[in-house]
Amino acid sequence: MIFHKLDRREFFKWTGITASSSMLFGIQAQSDENSSSFKPDLFLEITPEDKVKIICHRSEMGTGIKSSLPMIIADELEADWTKVEVIQGLGDKRYGSQNTDGSRSIRNFYDKMRQVGASAGLMLELTAAKKWHVPVRECHRKVNKVYYKNKALSYGELCSDAAKLAVPDEKNLKYKKAKDRRYVGKAAKNVDIDDIVTGKAAYGNDVRLPNMLFATIQRCPVVGGDVKSYNKEELENMASVLKTHVIPNFTPPPVFQPQGGIAIFARDSWSAIKARESLKVEWNLGPNKDFNTKDYRKYLEAQVKKPGTPKRTRGNYAKIAEDTPLVKADYYTPFMAHRPMEPPVSTAHFHDGICELWTPTQNPQAVQSAVAAALGIKEEQVYSHVTLLGGGFGRKGQVDFAVESALLSKEMNCPVQVVWTREDDVQHCYYHAAAAIHLEATLNEKKYPEGLLMRTAFPGIASTFVDGALYDNPTILGMNFTDIPYDIPNLDLQVCDAPAHVRIGWLRSVSNIQHAFATSSFTDELARKANIDPVVYLNKLLGPDRHVDLKKDKCDYPNYGASIEKYPIDTKRLKNVLNHVADKFDWDKELAIGHGKGISVIRSFLSYIAIATEVSIKGGVVNIERIDIGIDCGLMVNPDRVISQMEGSIIFGISLATLGEITFENGACVQSNFHDAPVSRNYDILDKINVHLLQNEKAPAGVGEPGVPPVAPAICNAIFDACGIRVRELPLKNVKLDA
Amino acid sequence: MPSFKLNGEAITTDKTDMPLLWFLRDELGKTGTRFGCGKGLCGACSVLLDGQSIRSCQTPVSMLDGKEVTSIEGISENGEHPVQKAWVEEKVPQCGYCQSGQIISACSLLKSNPTPSDEDIKNGMSANICRCGTYPRINQAIKKAAEAMQ
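Model, not experiment: these values are computed from the prediction. (Residues numbered from 1 in each chain as written. Chains lettered and ligands numbered in written order. Predicted model: local features only at pLDDT ≥ 70, side-chain atom pairs only at ≥ 80, totals over all residues. Heavy atoms only, no water.)

K.L.:
Give a description of the interface of chain A and chain B that names residues and reports values.
P.N.:
Interface size is commonly expressed as the accessible area that is lost once the parts come together. With 58 residues of chain A in contact, the opposing surface of chain B contributes 52 residues. Roughly 4600 Å² is buried in total at the junction of chain A and chain B, and carbon and sulfur atoms are behind 56% of that figure. Taken as a group, Val197, Met341 and Asn682 of chain A account for 16% of the area that chain A buries against chain B, more than any other trio of residues on that side. Linking chain A with chain B are 7 salt bridges, by the criterion used here. With its nearest N and O atoms 2.7 Å apart, the salt bridge here joins Asp206 of chain A to Arg34 of chain B. (Contact = heavy atoms within 4.5 Å. Buried area = accessible area lost by both parts, 1.4 Å probe. Salt bridge = Lys/Arg side-chain N within 4 Å of Asp/Glu carboxyl O.)

K.L.:
Requested: an account of the environment of Leu77 of chain A, with residues and values cited.
P.N.:
All names here are of chain A. Residue position: Leu77 is located in helix 2 (residues 65-77). When the C-alpha atoms of Leu77 and Ser119 are compared, they prove to be 7.8 Å apart, with 42 residues separating the residues in sequence. Apart from the residues within four sequence positions on either side, Leu77 is in contact with Leu44, Ile46, Val52, Gly117, Ala120, Gly121, Leu124, Arg141 and Tyr155. (Helix = DSSP H or I, 4+ residues; strand = E, 2+ residues; numbered from the N terminus.)

K.L.:
If you had to explain the sheet that holds strand 5 (residues 68-70) of chain B to someone new, which residues and values would you point to?
P.N.:
The strands making up a sheet associate through backbone hydrogen bonding, with each pair oriented either parallel or antiparallel. All names here are of chain B. In space, the 5 strands of this open sheet follow the order 2-1-5-3-4, with mixed pairing throughout. In this open sheet, the two edge strands, each paired with only one partner strand, are strand 2 (9-12) and strand 4 (52-55). With direction set aside, neighbouring strand axes in the sheet form an average angle of 40 degrees. Examined bridge by bridge, strand 1 (residues 3-6) and strand 5 share 2 bridges and lie parallel to one another. For Leu6, the partnering residue across the bridge sits in strand 5 and is Val69. Of the strands in this sheet, strand 1, strand 2, strand 3 (46-49) and strand 5 touch helix 1 (residues 20-27), which is tilted by about 65 degrees from strand 1. Sitting on the sheet, helix 3 (residues 99-112) is in contact with strand 3, strand 4 and strand 5, with an inclination near 30 degrees to strand 3. (Pairing = 2+ DSSP bridges. Axes fitted to C-alpha atoms, helices over the stretch in contact; angles between N-to-C directions.)

K.L.:
Describe in detail the pairing of strand 9 (residues 145-148) of chain A, supporting the description with residues and values.
P.N.:
Look at any regular strand and the pattern is simple: side chains alternate between the two faces of the sheet. All names here are of chain A. Taking every second residue as pointing to the same face, the buried face of strand 9 carries Val146 and Tyr148, while none of Lys145 and Tyr147 on the other face is buried. Of the pairings in the sheet, the one linking strand 8 (residues 140-142) to strand 9 comprises 3 bridges and is antiparallel in character. Counted as the bridge partner of His140 is Tyr147 from strand 9. Where strand 8 hands over to strand 9, the hairpin turn is made up of 2 residues, of which Val143 adopts a positive phi near 45 degrees. With 4 bridges connecting them, strand 9 and strand 10 (residues 151-154) associate as antiparallel partners. Paired with Tyr147 across the strands is Ala152, a residue of strand 10. As consecutive antiparallel partners, strand 9 and strand 10 are separated by 2 residues, and within that stretch Lys149 has a phi angle of approximately 50 degrees, a positive value. (Buried < 20%, exposed > 50% of the residue type's maximum accessible area, 1.4 Å probe, protein only.)

Set out below in structure tokens:
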């Protein structure tokens, strides 16, 4: 439980800047009332009690980043991990980006975290050396102490003198060699695990403030609609209801603005939730009231039968495809919803012209900007605390739920916690887009593609930010669509228009889901048609060892926001992870009757992943008998968390492949809870998931998302191998698999 | 007015219609029991009722008269229960939100079946959803705890 008395010192703890010690990268280090602490950097404080306080500025939603980033600082610093206290950082531009999505916390901050630790460590050594009148090069630091011969001083003993030193020039910093690492690449105890197993861990809806009210919101079931009329008097006469309030619909594009609806205020969560049963409301449903997934699917599938906008071109596909036999296939994946175990929730207190929030958000700076805009105050007047997240998967980076709480706190002039029910979460999501994909190829005499045409149609995340956007931006298109690595002389990759009628958002691994499903299935279809083993086929199809040059193909490729020189598309690493997993899986082993094997290899979020699986078909149902995943993500900071992310990605992938589906009728989401939108349970999942870590010293790449996309195609490829049925749409629960 | 025991302490209240989940969280400030779906489908709200794992979001306080309830706070405040220790050893949690309920259901399972088979574990734990995908580690931790509790 988090209980704040709004103590002013506590309030300004990480925001107040007083005349103080050092400058580091132009960011002034802060001091607080404890002037004998050593605070060389925004991220780090060492106290006279020998404690090491580290700020984690990226949101913790289960990846373990709240331990992993501090491990990097602690390693270079040579801190005693048992003395480390990690504090979740407030939303503050000075930390750099806090947008915890895109599987990029480690790669974007690895160097910075090392620098923080190395710099503070050097300052402590300099302090000790000065105290002992000895050369600093004969001192060394180890586990919260600095040593010189038989002398030792703890960091706690050194810190008040260290605080007086100037921060050393970056050029003078020394960094650990790999062999000297203590935590990075090894292990450190997760900082939240003890609280989690005892129920003490504090998530979004555990926040309690004095005089806090609870609210729930009945939002218009159709995006773009608003309240026409409702039984206001009847509701407000109920003993459990304090007040109701109408929220107007957003001005398009949605961005993070609240949807139109009715807020109900009560003194406890249950009263606020239950009061909605008494709500009688009429809606102006708005422009999307006829939207339905049945017709929309037909529309998407028709779109990819017509030419679209070229996004990558090589050679002349149209010419070589003329008058030649073509292999064609069409794929479909549905809308999906994240369903983190913790539904969205946010607490806000608007007072004295500022707004404080406590939100399980993936992006506290987006909370600052969205709330500032909604309230008409400055971003610096928004204090966005980040609680633990009970799961995110992308949903909690879309901060409409934080804005709602700010508006309602302003309305009621007291702290307000806005509770989302599970129904609210399912029905007012920023959905993963449904997609139709058309693939066709003309083959050479060796049965490999001479030319490939791919068309994709899905409502873009772009539509959430730009009104009327017809397809998605280059970053989202560069997820196993424009960046397919195959060695094919003629390529024609086109995106087709698909306007949005619901809010579209990022869901773990984003458009890699549909694109990897289509391309990993299609390349498998080609292999099977050619009667060539898929692993052999993929090795040849990936072509010679090289860095794939997309500029040559007139392709705008943001490369997940990373430099293409530092993170090239490396076909050697693709083949390496493919063959490694195939080997560990014992790919050539003979399988029992009714069993089949499938494989998928992709590059995603700059990492290289392969998944091999063995399935059996019994009574029309697929059973996963075995599944292996290999990941090459460069340097691994926290290997156990990499393993747990691979386990989790596979289970998330099995769930979306077999069950995950959201549909719409009359503009509204049909599903509401876990009974009609089921997810994988314990008995659906095999206990042994084989994770193979391909560790190396290359630049760190993504871990949280890349394990998801290869799951569905690997399973469907295995299904084909087992029974000859080619599945081209998800989820599998809609597909008849009678052998 | 219903009168029941919570983690060994006697509780009397007039909030008879309120589901135990919200009574724990909002009335008593015991926030370790989590809200996940409100329809008894996900298990995040699990508590022990006379030793059995039940869905507190579906259990109005009026049903508790004369009974003993154990919430996650009552398992062991310092994490010393063998199930909690196994959870830490196996590094089970990811986001952790479902884990109070998972631990409660694990305690319930081991109470009624001290030597569960792999299938017993999977079936016994399937009232509790985990979106992060910790099922394999949950099951491994339960096996470990079962051994420790022999």
